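Observations on chain architecture
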Amino acid sequence: MKEYPAPEPLMQVLPESRSLGRAVAARMASILLDSPEGLPLYVALSGGSTPRLLHDVLATTFRERLPWDRIHLFWGDERFVPLEDERSNYRMAQETLISKVPIPQENVHPVPVHLATPEEAATAYEETIRRTVGDRGFDMVFLGMGSDGHTASLFPGVEALDEKTRLVHAVLAPEYAEPRPRVTFTLPLLQQAEHVLFLVSGADKSEALHSVQHGRGDLPASRVRARGTVEWFVDAAAFGERGPA
Ligand code: 6PG
């Protein structure tokens, strides 16, 4: 697996969470509208609650500005619960974005959590990704970060972090991250993406963000690479009051 050099994190600090959502939506539009006409655009959404900031802007201000008929949505990670479960990342995106924009239903590719086990779901999702996205990789992957430095469902110490070839992995999250059974993109899949956009909001993330920025290379979020750019969009609360670096 080709290793890409660690890019200097490109980081934008936004004054508060609403401006964070607007800045990321604008960046998404500039990337997708700059892509060659007519091609499908492969985008992976993040889970948790921060993406609501982005989805709200995409579903309103940017609703008419994006080529929804060309956009295909996947999930960078998913909790292994039914899609209608309130903890499902798919359900959050369905409620805050998908139900509000004119994206064709066949362009929405949830993790197959109806299968018997997270392992089966990971294998099936990988096959779907290889069949659709292929070697081209994702145009854009959105990621969040936990206060422990995890991203997607790549938590510190999980075996999936050391995966070198598979694209999607089943993971058992630590006890503090319910629900524990998860399905997640691996670092090799993230690394194939053209653009990775981190969205980080809230003071509870400031310690992990500071660690990522200043060399704690072992944190999962620090290990994410991309073919093109890894860009961080953070609000002032997450950036925190800092003395000289
Ligand atoms: C998940 C996410 C996870 C999330 C971070 C941040 O399924 O929970 O994919 O990686 O991005 O935990 O979560 P918040 O945005 O809720 O802080």
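One can find the structure itself at the top, above this paragraph.
My aim in this report is to walk through the structure given alongside it, one point at a time. (Residues numbered from 1 in each chain as written. Predicted model: local features only at pLDDT ≥ 70, side-chain atom pairs only at ≥ 80, totals over all residues. Heavy atoms only, no water.)

Moving on, we come to the packing of aromatic side chains. Summed over all chains, the structure comprises 6 aromatic pairs. Taking 5.2 Å as the distance between ring centres and 90° as the angle between the ring planes, the aromatic pair formed by F74 and F138 counts as edge-to-face. Note that F74 is positioned in strand β3 (residues 71–75) and F138 in the loop between α4 (118–132) and β5 (140–143), a separation of 64 residues in sequence. For the pair F74 and F138, a shared accessibility class is recorded, and that class is buried. Positioned over the ring face of F62 is R65, at 4.5 Å from the centre of the ring. (Phe/Tyr/Trp six-rings, centres within 6.5 Å; stacked < 30°, edge-to-face > 60°. Helix = DSSP H or I, 4+ residues; strand = E, 2+ residues; numbered from the N terminus. Buried < 20%, exposed > 50% of the residue type's maximum accessible area, 1.4 Å probe, protein only. Lys NZ or Arg CZ within 6 Å of the ring centre and 35° of its normal.)

Moving on to the site of the ligand. Around the ligand sit 15 residues, and of these S49, T50, D77, A152 and K205 come closest. Contacts to the ligand include R79, whose side-chain N or O atom sits 2.8 Å from an oxygen atom. A distance of 3.0 Å is found between an oxygen atom of the ligand and a side-chain nitrogen or oxygen belonging to N89. In isolation the ligand exposes 410 Å². Once the protein is present, 86% of that is buried. Of the pockets mapped on this structure, the ligand occupies the largest pocket. Considered class by class, the residues forming the shell around the ligand number 2 nonpolar, 9 polar and 4 charged. (Near = heavy atom within 4 Å. Polar contact = N/O pair within 3.5 Å; in protein donor to acceptor, adjacent residues only side chain to side chain. Areas by Shrake-Rupley, 256 points an atom, 1.4 Å probe, with all protein chains shown as cover. 1 Å grid on protein atoms, 1.4 Å probe; cavity = no way out; pocket = protein on both sides within 12 Å on 5 of 7 lines; lining within 4 Å. Sits in = over half its atoms within 2 Å of the grid points. Nonpolar A, V, L, I, M, F, W, Y, C, P; charged D, E, K, R; others polar.)

If a probe as big as a water molecule is rolled over the atoms, it shows which places are left empty. Here the largest pocket is characterised by a volume of approximately 370 Å³. In terms of lining residues, the largest pocket is bounded by 23 residues, among which G47, G48, R79, G146 and H150 are the most central. (Points joined across faces, edges and corners; volume = space filled by probe spheres on them.)

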